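Close look at the chain arrangement
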Amino acid sequence: MNSSYDIESSTCRNPMSSSTGENDAELKSLTWNLSEKRFRSCHRRCSEFGDFNIVRTTLQIADAHLRRKNYDEALVKYEVISQTPTNISHEVRARACHGIGVVHMRKHEVGLSRLAFESSIKHLSLSDSGRCSLNIAESYYCLGLVLRTSCREADKDVCLRSFLSALEVRRYVLGCDNLLVAETLTIIGTMHLERNEQVEAYQAFSEAKRIEILNGRMQTPFDPRIGKKSFSCSPRRRSIAARDSNDSWMFAASAA
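Residues numbered from 1 in each chain as written. Predicted model: local features only at pLDDT ≥ 70, side-chain atom pairs only at ≥ 80, totals over all residues. Heavy atoms only, no water.

**Overview of the environment of Gly 130**
Turning to its location among the elements, Gly 130 is positioned in the loop between α6 (110-125) and α7 (134-147). The class of Gly 130 is buried, set by a relative accessible area of 2%. On a C-alpha basis, the gap between Gly 130 and Glu 91 in space is 6.6 Å, while along the polypeptide they are 39 residues apart. (Helix = DSSP H or I, 4+ residues; strand = E, 2+ residues; numbered from the N terminus. Buried < 20%, exposed > 50% of the residue type's maximum accessible area, 1.4 Å probe, protein only.)

**Brief notes about the packing of aromatic side chains**
For the coordinates displayed, the defined rule picks out one aromatic pair. Where Tyr 141 meets Phe 163, the ring centres are 5.4 Å apart and the plane angle is 70 degrees; that geometry is what we call edge-to-face. Pair noted here: Tyr 141 is in helix α7 and Phe 163 is in helix α8 (residues 153-174), with a separation of 22 residues, a long-range link. The two residues Tyr 141 and Phe 163 agree in class, both being buried. (Phe/Tyr/Trp six-rings, centres within 6.5 Å; stacked < 30°, edge-to-face > 60°.)

**A closer look at the nonpolar core**
By size, the foremost hydrophobic cluster in this structure holds 48 residues, and its most contacted members are Tyr 78 and Phe 163. The leading source of residues in this core is α7, at nine residues. With sequence-adjacent residues up to four places away left out, Phe 163 is seen in contact with Tyr 141, Gly 144, Leu 145, Arg 148, Thr 184, Ile 187, Ile 188 and Met 191. (Core = buried A, V, L, I, M, F, W, Y, C linked by side-chain atoms within 4.5 Å. Contact = heavy atoms within 4.5 Å.)

**Side note on the side chain of Arg 106**
Mapped onto the secondary structure, Arg 106 falls in helix α5 (residues 90-106). A polar side-chain atom of Arg 106 sits 2.9 Å from a polar atom in the side chain of Tyr 71. (Polar contact = N/O pair within 3.5 Å; in protein donor to acceptor, adjacent residues only side chain to side chain.)

**Thoughts on helix α10 (residues 198-214)**
Residue pairs three or four apart in sequence face the same way in an α-helix, which turns once every 3.6 residues. The terminal C-alpha atoms of α10 lie 24 Å apart, and with 17 residues this matches the ideal 24 Å at 1.5 Å per residue to within 8%. Listed in full, the buried residues belonging to α10 are Ala 201, Ala 204, Phe 205, Ala 208, Ile 211 and Glu 212. Summarising the axial view, the buried residues of α10 lie within an arc of 125 degrees, below the 170-degree limit, and thus occupy one face. In α10, those exposed residues whose orientation departs by more than 90 degrees from the buried face are Val 199, Tyr 202 and Leu 214. For α10, the secondary structure elements touched by its buried residues are α9 (179-194). Where α10 terminates, the next one or two residues include Gly 216, which has phi positive at roughly 70 degrees. (Expected span 1.5 Å × (residues − 1). Arc of directions from axis to C-beta.)

**Comments concerning the pattern of salt bridges**
Here the structure, examined in full by the defined rule, presents 14 salt bridges. Measuring nitrogen to oxygen at the nearest pair gives 2.9 Å for the salt bridge that ties Asp 155 to Arg 114. Here Asp 155 is found in helix α8, whereas its partner Arg 114 is found in helix α6, with 41 residues between them in sequence. Residue class for Arg 114 comes out partly exposed when judged on its relative accessible area of 22%. In this structure, the salt-bridge partner of Arg 152 is Asp 155, at a minimum N-O distance of 3.4 Å. On the basis of relative accessibility, which here comes to 51%, the residue Arg 152 falls in the exposed class. (Salt bridge = Lys/Arg side-chain N within 4 Å of Asp/Glu carboxyl O.)

Below you can see the structure in the form of structure tokens.
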């Protein structure tokens, strides 16, 4: 089994990423769009962050900076949304908190990223639609990745519970045969193996392998030690499409 899960490679890929020139054009367009919306909001004499269009565009700019690895700029935009005193939805605050968590995770700031992902989960838990959405699954998954770097036994237990929560929601939303379910099962199996829980590890790896075969994602490299091909499980996030991707945060699963 391929069980290497470093934070940068497993959570920071963006299937929609493009050349630097295209990213620059995207940022310029979004920034101009935000300025125009702010002008209109000011003209109507209303709070700019009471205007959902401004909040949405600010989040898009933050996401664009994140894709370009402009972490400081992305963090400023996400924090503006998460800390704004106006009455914005739990889902919007959760998305900003998740973005903050990703930025800190990229910068290897474990404590800050943990707090941000926990805040995202808290906000989504207060929302009827967010409680069983892919968004909360992504925050659980990223929280698990962060906690895997901890040496504390208590954190390892919370880490496993986070992955199990992500698995439960992903199965509910995507079905039992989705590649993201296989990905979650593989890392859960790895954790059980590290805890010397052989039966649980075998069950998780076997189910992940079944899903990989079903989706045509199994690789069979030659293993010289046994003289034949051996299976390895390697989920490919960039080819996975969520059925409920309603401008939601597949950036969490792919770009995040």
